[in-house]
Amino acid sequence: MNCQTLRQKLAEYVGEMLPAADRDALSAHILGCTECTALVKPLRDLACREVIDSLADYLDGTMSGADSRSLALHLELCTECEDYLDAYQQTIRLAKTSSEPPCLDPPLPDALVRTVLAWRNRPPEAR
Ligand SMILES: [Zn+2]
Ligand SMILES: [Zn+2]
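Presented here is a report on the structure given in the accompanying data block. (Residues numbered from 1 in each chain as written. Chains lettered and ligands numbered in written order. Predicted model: local features only at pLDDT ≥ 70, side-chain atom pairs only at ≥ 80, totals over all residues.)

## Regarding the overall build of the protein chain
A count of helical and extended segments in the protein chain gives eight helices and zero strands. Ordered by position in the sequence, the α and β elements of the protein chain form the string α-α-α-α-α-α-α-α. Evaluated residue by residue, the protein chain yields a buried proportion of 8% over its 127 residues. (Helix = DSSP H or I, 4+ residues; strand = E, 2+ residues; numbered from the N terminus. Buried ≥ 20, exposed ≤ 12 C-beta atoms within 10 Å, placed from the backbone.)

## Notes on helix H6 (residues 65-77)
Every α-helical turn comprises 3.6 residues, leaving residues that sit three or four positions apart pointing alike. The end-to-end C-alpha distance of H6 is 18 Å, a good match for the 18 Å that 13 residues give at a rise of 1.5 Å each. Three or more residues of H6 are buried, namely Leu-71, Leu-73 and His-74. What you see down the axis of H6 is that its buried residues fit within an arc of 160 degrees, all on one side. (Expected span 1.5 Å × (residues − 1). Arc of directions from axis to C-beta.)

## Describing the environment of Leu-6
Tracing the sequence through the fold places Leu-6 in helix H1 (residues 3-14). Residue Leu-6 is classed as partly exposed on the basis of its C-beta count, with 19 C-beta atoms lying within 10 Å. With near-sequence residues (within four places) excluded, Leu-6 lies in contact with Met-1, Leu-26, His-29 and Cys-36. (Contact = placed C-beta atoms within 7 Å.)

## Concerning the environment of Cys-78
Take Cys-78: it is sitting in the loop between H6 and helix H7 (79-98). Remark: the alpha-carbon pair of Cys-78 and Cys-48, spanning 30 residues in sequence, is separated by 8.3 Å.

Next up, the structure:
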């Protein structure tokens, strides 16, 4: 793939209309070509901040199609945000795990409770 092909295919790439093989070739070209890296830089510069700010919407699927595609492209091109996404998803997983009800001690059996109460109600000399 050359730079010209890439420029022609970039819209399809962003629109996720390219077959996987083309997408890979395109990503590979971008990563190896400073000129094309500069070309897609505005997409990257969609700003890591914006990506991070809207990551929750992105993961919820509440983001609009166009936004989520440019975000997906950014994630594909930006290792920092990819790492952030990983960490973010891990945090969500941990949060879900820890929000499970804590494992409570099983309640005391009635018989034991009755024995203790009976013992406590005995006259002092019988203890
Ligand atoms: Zn290029
Ligand atoms: Zn980024």
